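Descriptive structure summary
Residue strings, one per chain:
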Amino acid sequence: MADERTPQRSTSGGPRKKRPFQRRKVCRFCADKQVSIDYKDPRTLRYFVSERGKIIPRRISGNCSKHQREITEAVKRARNIALLPIAGSHVTP
């Protein structure tokens, strides 16, 4: 009776696989104090913007929260004065 009430988990999914060890990303602005975040330097900011024009999140870029906020503000300022595109290039089929 008790066996009928407990739901059976399907074994087709299997147990979750563990990810191999990945090295922790280090904030490049904390590591190198010489590099600065400046909205007038679009070459540096392009690294933090995707092809579609979206700002790359912290977990992918590896920045600390302080520098990610500064990058976000710099990208928005650069977009405002047209140093960076607001969106990626629009391709018509």
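Bear in mind that the values here come from a model prediction, so they are computed numbers and not experimental data.

**Describing the confidence of the model for the protein chain**
Overall, the predicted model of the protein chain reaches an average pLDDT of 84, with 81% of residues at or above 70. Here helix H1 (residues 2-5) is the element of the protein chain with the lowest mean pLDDT, 60, and helix H5 (residues 65-80) is the one with the highest, 96.

**Re the layout of surface pockets**
For the largest pocket, the calculated volume is near 220 Å³. Together, Gln-22, Arg-23, Arg-24, Lys-25, Cys-27, Arg-58, Arg-59, Gly-62, Asn-63 and Cys-64 line the largest pocket.

**A few points about the packing of aromatic side chains**
Across all of its chains, the model carries two aromatic pairs by this definition. When the ring of Phe-29 is compared with that of Phe-48, the centres are 5.7 Å apart and the planes differ by 35 degrees; the resulting orientation is tilted. Of this pair, Phe-29 sits in helix H2 (residues 28-31) while Phe-48 is found in the loop between helix H3 (42-45) and helix H4 (58-61), placing the two residues 19 residues apart along the sequence. For Phe-48, a relative accessible area of 1% translates into the label buried. On the numbers, 4.9 Å between centres and 90 degrees between planes, the contact of Tyr-47 with Phe-48 is edge-to-face. Judged by relative accessible area, Tyr-47 falls into the exposed class, the value being 51%. Through a chain of ring-to-ring contacts, the aromatic side chains of Phe-29, Tyr-47 and Phe-48 assemble into a single cluster. For the cation-ring pair, Arg-28 lies above Tyr-47, with the distance from its terminal atom to the ring centre recorded as 4.8 Å.

**Some remarks on the nonpolar core**
The biggest cluster of nonpolar side chains holds ten residues, and these are Cys-27, Phe-29, Leu-45, Phe-48, Val-49, Ile-71, Ala-74, Val-75, Ala-78 and Leu-84. Broken down by element, the residue count for this core peaks at four residues, all from H5. When sequence neighbours within four positions are dropped, the list of residues in contact with Leu-84 reads Pro-42, Leu-45, Arg-46, Val-49, Val-75, Ala-78 and Arg-79.

**Some remarks on the side chain of Arg-79**
With respect to the helices and strands, Arg-79 occurs in helix H5. Setting aside chain neighbours within four positions, we find Arg-79 in contact with Val-49, Gly-53, Lys-54, Ile-55, Leu-84, Pro-85 and Ile-86.

**So, the state of the cysteines**
All told, the structure shown has zero disulfides when counted by the stated rule. In this model Cys-30 remains outside any disulfide bridge; the closest cysteine sulfur is found in Cys-64, 3.6 Å from its own. Judged by its relative accessible area of 35%, Cys-30 falls in the partly exposed class.

The rules we used
Residues numbered from 1 in each chain as written. Predicted model: local features only at pLDDT ≥ 70, side-chain atom pairs only at ≥ 80, totals over all residues. Heavy atoms only, no water. pLDDT = per-residue confidence, 0-100. Helix = DSSP H or I, 4+ residues; strand = E, 2+ residues; numbered from the N terminus. 1 Å grid on protein atoms, 1.4 Å probe; cavity = no way out; pocket = protein on both sides within 12 Å on 5 of 7 lines; lining within 4 Å. Points joined across faces, edges and corners; volume = space filled by probe spheres on them. Phe/Tyr/Trp six-rings, centres within 6.5 Å; stacked < 30°, edge-to-face > 60°. Buried < 20%, exposed > 50% of the residue type's maximum accessible area, 1.4 Å probe, protein only. Lys NZ or Arg CZ within 6 Å of the ring centre and 35° of its normal. Core = buried A, V, L, I, M, F, W, Y, C linked by side-chain atoms within 4.5 Å. Contact = heavy atoms within 4.5 Å. Disulfide = S-S within 2.5 Å.

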